[in-house]
Amino acid sequence: MKYAVIGTGAIGGYYGAKLARAGQEVHFLLHRDYEYVRANGLQVDSCDGSFHIDSVNAYARTEDMPPSDVVLVCIKSVNNHLLGSLLPPLLHEGTLVVMIQNGIGVEQDVQALFPGVQLAAGLAFICSAKTEPGLVSHQCYGSINLANYSCRDEGLFAAVVSHFRAAGIETGEVEYHEARWKKAVWNMPFNGMTVALKTQTDLLLKDPSTRQLIRDQMMEVVGASRALGVSGVDEAFVEKMIQVTDAMTPYSPSMRLDYDYHRPMEIHYLYTRPIEMAREAGFLMPKLEMLEAELKFLSKNL
């Protein structure tokens, strides 16, 4: 089975390298560090054991990559407008495209662009970064949940789950809507708050005032999911996410890194889209709407 990774960054680099190390045929699309990785390989510095992929199937264009059975889309959602040209060379009739991205609504929009393509969601719970050419720094966690969005080939979807697990990746098979909104419970408060207050996850929870604000924002996500008829997202899950983050290595989420490196932030799918969906269902998210407004202001000065 052939895998393609679109976006060999902190997420695509980690999961793609783990699959390649386990013996899967993986083809990587790179941008800034294409020449470096082609010459030097890909290094993963990991809390679970570091490793190096010496010979990487590295490409600068998808036109040069082979059609693949599974495509892992790991670019930031702000670049999804590029998928119209990036994806077609990688597709054959049975390809499964796995959207390993943050936010709500990404699969719906990609499905509209490619009506017949099989899609799944990948919900990564991982602390990793890529701040040097060819180097993925994996700090903690690393699990992923895979959710079927429109995959007709149940055997193919099951094979992907099996391959991830065989690669040493803790992998869950979950219901799509519940998975996306559960990820939002963590993403919506922590991504934006670390930017707005220029801090890290641990400090937000150590201060009583911001700890309460984080919890209030999480509960807004729970309320939105309920208004939209999504089950399984509740107060117990909020408490679990707070406890998990308490135990986490001090961390700057992807949006904070984007802000620090003057890159566009994923405001639309992380904030605007779910806030709009909740409002249409009759539920307001005032604290997260305020955070969205602050992020839009800060984005104008990147």
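Here's what I pulled together on the structure shown here. (Residues numbered from 1 in each chain as written. Predicted model: local features only at pLDDT ≥ 70, side-chain atom pairs only at ≥ 80, totals over all residues. Heavy atoms only, no water.)

Comments concerning the environment of Gly-232
Selection criterion: A run of H or I in DSSP becomes a helix once it reaches four residues, and a run of E becomes a strand once it reaches two; helices and strands are each numbered from the N terminus. Pairs of residues are marked as contacts when any of their non-hydrogen atoms sit within 4.5 Å.
On the secondary structure map, Gly-232 appears in the loop between helix H8 (208–227) and helix H9 (235–246). When residues no more than four places from it in sequence are discounted, the contact partners of Gly-232 are Glu-178 and Lys-182.

A word on helix H6 (residues 176–196)
Our working rule: Expected span, for any helix, means 1.5 Å times one less than how many residues it has. Axes are fitted to the seven residues ending at a residue and to the seven starting at it; the angle between these axes is taken as the bend at that residue. The buried label goes to any residue with under 20% of its type's maximum accessible area, the exposed label to any with over 50%, and the partly exposed label to all in between, with areas taken from a 1.4 Å probe on protein chains only. Polar contacts, as counted here, are pairs of nitrogen or oxygen atoms within 3.5 Å of one another; within protein the pair requires one atom able to donate a hydrogen and one able to accept it, and residues that are adjacent in sequence qualify only if both atoms are side-chain atoms.
Helix length check: H6 (21 residues) gives 30 Å between terminal C-alpha atoms against 30 Å at 1.5 Å per residue, within 8%. Where H6 bends most, at Ala-184, the angle is about 30°. With 17 of its 21 residues buried, H6 lies for the most part within the structure. Measuring from the side-chain oxygen of the N-cap residue of H6 to the backbone nitrogen of His-177 gives 3.1 Å; that N-cap residue is Glu-175. Following H6 by one or two positions, Lys-198 adopts a phi angle in the positive range, close to 50°.

Things to note about the nonpolar core
Where we set the bar: Side-chain atoms within 4.5 Å are what join buried Ala, Val, Leu, Ile, Met, Phe, Trp, Tyr and Cys residues into a set we call a nonpolar core.
By size, the foremost hydrophobic cluster in this structure holds 41 residues, and its most contacted members are Val-185, Met-218 and Tyr-271. When contributions to this core are tallied by element, the ones reaching two or more residues are strand E8 (118–132), H6, helix H7 (201–206), H8, H9, helix H10 (254–260), helix H11 (267–280) and helix H12 (286–299). A total of eight residues in this core trace back to one element, the largest contributor, which is H6. Those residues within four positions of Val-185 in sequence are excluded, and the remaining contacts are Met-218, Val-221, Val-222, Val-233, Phe-237, Val-238 and Met-241.

Some thoughts on the side chain of Arg-215
For Arg-215, the location among the structural elements is in helix H8. Here Glu-235 takes part through its side chain, which lies 2.3 Å from a polar atom of the side chain of Arg-215. Setting aside residues no more than four positions away along its own chain, Arg-215 makes contact with Glu-235, Val-238, Glu-239 and Ile-242.

These values are about where atoms sit, not about what they do.
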